[in-house]
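# Chains, contacts and geometry: an overview
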Amino acid sequence: MLRLERWRDRARLRLRGLLRRSSVEQDIDDELHFHLDQQTAHYVAGGLTPEDAARAARRRFGNPLSERERLRDIDIPFHIDLWWRDVRFACRQLQRSPAYALVTVVALAIGVGANVTIFSFANGWLVRPLDARDPGRLVRISGPGGDTMAAGGIDDEANILPADYLTYRDRNQTFAELAASHPGGPTRVRWQGPPEMIPVMWVTANYFELLGVPGALGRPIVPADARFGAREVVVLSDAGWRKHFHEDANVVGTSVVLNGIPHEIVGVLPAWFTGTYAPMVPQIYRPIPERGGTLAFNFRLQLIGRLGLDVSREQAHADLNRIAAQLTAGDGSRRAIEIYPGRNVVPFMLTPLVALTALFGVIVVVVLLIACDNVAILTALRSAARTREIAIRLSLGASRSRIIVQLAIESALLCAAAGLAGTAAAFASARFATQFYAPVPMPFALTFKPDWRVVSFAALASAFALVLCGLVPALKTLKTDLIGAVRRMPAPRAVQEGLVIAQVALSTMLLITGAALSHSLIGRTTAAVGFTSRGVVMSSLALDGEGYGADRRRSLIDDVLSRIERAAGVAAAAAVANVPAANNAPVKPLVFRSGGQQHVVQINLVSRGLFDTLGIPLVAGRDFLPSDDRSASSVGIVNETLARQFWAGAAAAVGQTLADDRGGLVQVIGVVRDSEQVPARDQAASPWLYRPIALDPPGSPTFLLKPSDAPRPLLGLVRSTVTTLDPDMVAYNVMLLDDRLLLGLVVIRSAAIASGAMGALALLLGSIGLYATMSFVAHQRRREVAVRAALGASPAQVRSLLTKQPARWTTSGFVVGLGLAVLASFGLSRVLRGVSPWDPAAVLLSAAAIGASAFISTYLPARRASALDPVATLRDGMEA
Amino acid sequence: MSRPADLVQGTLDLLILKIVALEPINGWSISQRLTQVSRDVLQVSHGSLYPALHKLEQEGWIKAEWRATENNRRAKFYSLTRSGRRQLEREAADWKRLSAAISLVVQLPEN
């Protein structure tokens, strides 16, 4: 208690001295003046005249200026000038060992930078609320399973029916406002140029009012826009305005044609508003029309609500569930409501993002630990080399606290430099990552805002590094036996051994897990899909909207297909609703009965020529014919799994009839080999039924072309064909099928690459630490080496002498690291399903890499030591 | 005025702590009080007094506070902290041991 009080008093005084120097000086002046005045008064009382008294008092006092200086030095112990002097001194010291400074800064910058990058994304994902005014009262509302990936499907019951939304909106007693949105598919958008396919976000007219988002240019969507007979309007997001509208400041008031219908652009939203569907970035917003008390809209909605004052989430939940029960009583279909906090990220993306962040969070913390370990090794070596200097300074009367301060300032400078460099690198890499737009239906962007949390985290990480790698060795340095240290260099310490083993262990762990992760993740991207995607070119068409009824779509698809299959350079061509394995537009599965059992069957709508185009072998029967495509006859082709599940096999299947649970009949005309239709499914093949695309011509069919030779010339074929048929049409998703398949795995692939890179980084840092240690040890033992060499030891014997110890350290480190990697693999297989990070190949590879790096970092210094001239070394030693 | 006895090194702190322990007091009064109490034997110059006071304050043994004097002038008054009291006891005990030891030595009979 007493001690604590005393510390507090002292700290307060020092802080005041440091921060409010002028008031400290003023106090000193006042105190000395008072003394002088009292002395004068004392003399006057003794009988002197006031003038004589004042003179006598001043004479007795001496020089008040020098007195003031002395007191100031006591009261302002950590004088700013003194600090500055120490900083300059530290800079000079660091200048004298530039390699140490550089390696330290780079290693720590890597460690801090990696952490700041991950933190800034986690900050965006986990902490950041919706971009809105007063976001604390906002919640997201969904049906059951709103936080599972299923909610990403637009038809999933996690999203809410438009009619239900209106009921919730109008009957609730707990919300100030309830708005809804729906991510629409790519829409044909023409504005002062050729048409483009741009995804559109549908929002209820009260959406922007609820969020409190104004227009940066013009105005947002307002309730009047949804009324019957109102002009058709759209609003652009900042991203959409920049990407598709050339940042035109006069865009407001111009007309844009969506699916053939002119709309007026009434506003551009501010840049801070990134939408409510993060990480997806909406480009254009359209109002969901509301007519006569119903929404003229057929798709399920995602809801956002603003809670009323003093309403808790639980109360709102109960309120909505009460209404859901009423709705269920009305139509008999069950409903449930879930409420999620108003985070920036949509709930269904949160789980995968959290898993990814946690994985990388652990990795980057280990990288920072390795970097700190590395720097601790270097600092300890440097301190050992400086023991003599420090001992001399101590014996010349420098106080230990002064030396600690100076060493700490050196470390602080390095850590500050590393913190700044790391943060800058993190911001740059994050900016680079946020510019990455995956061309999935809605542009996907990692949002990143360097707010105060990120900056404080960077400071915290640097401080952590400072304590770990700067102060600990500095304190150690001071436990120095003065006399011994001045006389001779100290022996390398046992602590070194621990640091090196820890470093090798951590590097090994990261390397093994990184390699294993990359191995299994990249393995997934190249797994056989059961068809040949190589060289196949794809292009999608948007046939949604006014003027494109089913008949028009059917004839357009057939026209385009007939033209492109005859075009030069095309070996085969087909149109599909859902691109195999890319799974870009899944068709709803159907239930079929067979022998009293019900089977869920995956469905795709395809034209003639698909199996030819993708090289999927026809096992029995025939392919679709042009007549099947035009007449939509009730025929189908099944895969082998289905044929096995329903009948004896392929041969028996042809000619059979499938009955779905609504009485529809499908005659089987052919059987094809199984092919993996949906990526990254680890289960056994599912039953598939292919039906003619003419049955239900999709709004966004994709054409696939197999080239007879080079694929690239075919990229423009569908686009040019379409333009001759319908100038308002546009082809999108124009790319090689291989590229598209890789895109679907882009997150997994980047995770694999990043974890591999982290492993490599760990290896690099580990090698630096090992090399520095070995060089130092070799230097320390040079006299011993020289004596042995002089006594007849061969260079090989000398080398083995110097490499035996590090070999032992490396081996222990590797074994510990292997154990850690096994532990990590248990954790990993829980976070990432389907990934088996325990991988003997990765262990062997890592062992080889660690071994090689250890060999190089110990052999080089050892060889240098063995090549020294023993006589010269010994003579140097005498003189030193 | 007789030449003041040189203060034994380190005893000034003890003297100041003792004087300050009696009541809160300003710097000039400390020097006056010291002279009075020691019957003019101990005279401490301000050149030693103020640095010693400020050092004791930095150590946390005494604390300072600006207050009005009897004739209503603003002056810096020092008073003892709790840890200062402990320190005073320690230093006083040390001094007693030391002076007793020195007395023993000085009183050795000479031949």
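Only a predicted model underlies this, so the values are computations on that prediction, with no experimental measurement involved. (Residues numbered from 1 in each chain as written. Chains lettered and ligands numbered in written order. Predicted model: local features only at pLDDT ≥ 70, side-chain atom pairs only at ≥ 80, totals over all residues. Heavy atoms only, no water.)

### A look at the overall build of chain B
This is how it is decided: We count a stretch as a helix when DSSP gives it H or I for four or more residues in a row; a strand needs E for two or more, and each element gets its number in order from the N terminus. Only protein chains enter the accessibility calculation, which uses a 1.4 Å probe. A residue is then buried if its area is under 20% of the maximum for its type, exposed if over 50%, and partly exposed in between. Residue contacts are counted whenever heavy atoms from the two residues lie within 4.5 Å of one another. With residues, only the protein chains shown are counted as cover, and all accessible areas are computed by Shrake-Rupley using a 1.4 Å probe.
Within chain B one finds 4 helices and 3 strands. Of the regular secondary structure in chain B, the N- to C-terminal order runs α-β-α-α-β-β-α. Within the span of chain B, comprising 111 residues, buried residues form 40% of the whole. Taking as baseline every contact in chain B between residues at least 6 positions apart, the subset at least 24 positions apart corresponds to 48%. About 7,000 Å² of surface is accessible on chain B, with carbon and sulfur atoms providing 52% of the total.

### Quick look at unusual backbone geometry
Positive phi outside glycine occurs at Glu247(A), with the angle close to 50 degrees. Tracing the chain through its elements places Glu247(A) in the loop between α9 (238-244) and β6 (255-258). Look at Arg39(B): it is not a glycine, yet its phi comes out positive at around 50 degrees. With respect to the helices, strands and loops of the structure, Arg39(B) is situated in the loop between α2 (27-37) and α3 (46-59).

### Side note on the interface of chain B and chain A
In many analyses, interface size is given as the accessible surface area lost on bringing the parts together. Heads up, the condition is: Two parts placed together each lose some accessible area under a 1.4 Å probe, and the buried area is that loss summed for both. Basic side-chain nitrogens of Lys or Arg form a salt bridge, by our definition, when they fall within 4 Å of a carboxyl oxygen of Asp or Glu.
Opposite the 26 residues of chain B that make contact, chain A presents 26 residues. Carbon and sulfur atoms make up 53% of the area that chain B and chain A hide from each other, which totals about 2,700 Å². Interface area lost by chain B to chain A is led by Trp28(B), His46(B) and Gln58(B), which between them contribute 29%. Between the two partners, chain B and chain A, sit 3 salt bridges. Here Lys76(B) ties to Glu31(A) by a salt bridge, and the two come within 3.8 Å at their closest N and O atoms.

### Structural notes on α3(B)
Residues separated by three or four positions in an α-helix point in the same direction, a consequence of the helix having 3.6 residues per turn. Residues and elements named next belong to chain B. Put simply, the rule is: Working rule for helices: expected span equals 1.5 Å times residues minus one.
For α3, with 14 residues, the first-to-last C-alpha span of 20 Å sits near the 20 Å given by 1.5 Å per residue. In terms of burial, α3 is largely enclosed, as 11 of its 14 residues are buried. When we look at burial in α3, the residues that qualify are His46, Gly47, Leu49, Tyr50, Pro51, Ala52, Leu53, His54, Leu56, Glu57 and Gln58. Note on α3: the residue one or two positions beyond its end, Gly60, has a positive phi of about 90 degrees.

### Quick notes on helix α10 (residues 313-331) of chain A
Residues and elements named next belong to chain A. The end-to-end C-alpha separation of α10 is 27 Å, in line with the 27 Å expected for 19 residues at 1.5 Å each. Restricting attention to buried positions, one finds in α10 the residues Ala316, Asp319, Leu320, Ile323, Ala324, Leu327 and Thr328. Residue Gly332 follows α10 closely and has a positive phi angle near 80 degrees.

### Description of the packing of helix α4 (residues 64-75) of chain A against α3(B)
For clarity, the threshold we go by: Between the N-to-C directions of two axes lies an angle of 0 to 180 degrees, each axis being a line fitted to C-alpha atoms and, for a helix, fitted only over the stretch in contact. Roughly parallel means an angle under 35 degrees; roughly antiparallel means over 145; roughly perpendicular covers 65 to 115; every other angle is labelled oblique. Each crossing is labelled by how the near helix is turned from the far one, with a counterclockwise turn of less than a right angle marking it left-handed and a clockwise turn marking it right-handed. Under this grouping Gly is polar, as are all residues other than the nonpolar Ala, Val, Leu, Ile, Met, Phe, Trp, Tyr, Cys and Pro and the charged Asp, Glu, Lys and Arg.
At a closest axis distance of 9 Å, the pairing of α4(A) and α3(B) adopts a crossing angle of 15 degrees. Taken together, the axes of α4(A) and α3(B) lie roughly parallel to each other. At the point where α4(A) passes α3(B), the crossing takes the right-handed sense. Every residue of α3(B) that contacts α4(A) at Glu67(A), Arg70(A), Leu71(A), Ile74(A) and Asp75(A) is listed here: His46(B), Gly47(B), Tyr50(B), Pro51(B), His54(B), Lys55(B) and Gln58(B). Of the residues assigned to the contact of α4(A) with α3(B), the class counts are 4 nonpolar, 4 polar and 4 charged.

### Some thoughts on the sheet that holds strand β1 (residues 25-26) of chain B
Where we set the bar: At least two DSSP bridges between two strands are needed for those strands to be called paired.
The strand order across the open sheet formed by 3 strands is β1-β3-β2 (chain B), and the pairing between neighbours is antiparallel. Two strands close off the open sheet at either side, each with one partner strand: β1 and β2 (62-68) of chain B.

### Structural notes on the pattern of salt bridges
Any two side chains of opposite charge can pair, so long as their charged atoms come close to each other. All chains considered together, the criterion is met by 26 salt bridges over all chains. A salt bridge links Arg219(A) to Asp225(A); the nearest nitrogen and oxygen atoms lie 2.8 Å apart. By relative accessible area, Arg219(A) is classed as partly exposed at 26%. Owing to a relative accessible area of 11%, Asp225(A) belongs among the buried residues under this scheme. Here Lys76(B) and Glu57(B) are joined by a salt bridge, their closest N and O atoms 3.9 Å apart. Here Glu57(B) lies in helix α3 and Lys76(B) lies in strand β3 (residues 74-80), a separation of 19 residues in the sequence.

### Let's talk about a positive patch on the surface
Residues and elements named next belong to chain A. For the record, the criterion: Surface patches are drawn from residues lacking salt bridges whose relative accessible area is over 30%; two like charges belong together within 9 Å, two nonpolar side chains (Val, Leu, Ile, Met, Phe, Trp, Tyr) within 5 Å. This count recognises Lys and Arg as positive and Asp and Glu as negative, with His and chain-terminal groups excluded. All charge positions are set by atom: Lys at NZ, Arg at CZ, Asp at CG, Glu at CD.
The grouping of Arg85, Arg88, Arg92 and Arg96 at the surface amounts to a positive patch. Summarising the element assignment, Arg96 is placed in helix α5 (residues 80-96). Classification of Arg96 as exposed rests on a relative accessible area of 66%.

### Section: the confidence of the model for chain B
Residues and elements named next belong to chain B. The line we're drawing: Confidence scores labelled pLDDT are given residue by residue by the predictor and lie between 0 and 100.
Scored by pLDDT, chain B comes out at a mean of 84, with 90% of its residues at no less than 70. Element-level pLDDT for chain B is lowest in α3, with a mean of 85, against a maximum mean of 92 in β1. Taken together, the chains of this predicted complex give a pTM of 0.65 and an interface ipTM of 0.87.

### So, the packing of aromatic side chains
Ring pairs (aromatic) are described by centroid distance and by the angle formed between their planes. Quick reminder of the rule: Stacked, tilted and edge-to-face pairs are distinguished by plane angle, under 30 degrees for stacked and over 60 for edge-to-face with tilted covering the rest, among Phe, Tyr and Trp rings (Trp via its six-membered ring) whose centres lie within 6.5 Å. Criterion for a charge above a ring: Arg CZ or Lys NZ at most 6 Å from the ring centre, at most 35 degrees from the ring normal.
Within this structure, the stated rule accounts for 15 aromatic pairs over all chains. Both rings, one in Phe297(A) and one in Phe299(A), keep their centres 5.6 Å apart while their planes meet at 70 degrees; by these two values the pair is edge-to-face. These aromatic residues form a ring-pair network of at least three members: Tyr207(A), Phe208(A), Trp272(A), Phe273(A) and Tyr285(A). Positioned above the aromatic ring of Phe77(B) is the side chain of Arg67(B), whose terminal nitrogen or guanidinium carbon lies 5.5 Å from the ring centre. Lying across the ring of Trp66(B), Arg74(B) places its NZ or CZ 4.2 Å from the centre.

### Concerning the pairing of β2(B)
Residue and element names in this part refer to chain B. Relative to β3, β2 runs antiparallel, the two sharing 7 bridges. Bridging from a neighbouring strand, Ala64 pairs with Tyr78 of β3. The antiparallel hairpin formed by β2 and β3 contains 5 residues in its connecting segment, where Asn72 sits at a positive phi of about 60 degrees.

### Notes on the packing of helix α6 (residues 98-127) of chain A against helix α11 (residues 347-395) of chain A
Residues and elements named next belong to chain A. For the pair α6 and α11, interaxial distance at closest approach is 9 Å and the crossing angle is 160 degrees. With respect to α11, the element α6 is oriented roughly antiparallel. Between α6 and α11 the crossing geometry is left-handed. Here the residues of the contact of α6 with α11 are counted per class, giving 23 nonpolar, 7 polar and 1 charged.

### Focus on the confidence of the model for chain A
Per-residue pLDDT for chain A averages 81, and the proportion of residues at 70 or more is 86%. The model gives residues 486-492 of chain A a pLDDT under 50, and that stretch makes 11 contacts with residues more than four places away or in other chains.

### Some words on the pairing of strand β1 (residues 138-142) of chain A
Residues and elements named next belong to chain A. With 5 of 5 residues buried, β1 is to be regarded as a mostly interior element. Bridging between β1 and strand β12 (residues 338-341) involves 4 bridges; their strand directions are antiparallel. Among the inter-strand pairings, Ser142 is bridged to a residue of β12, identified as Glu338.

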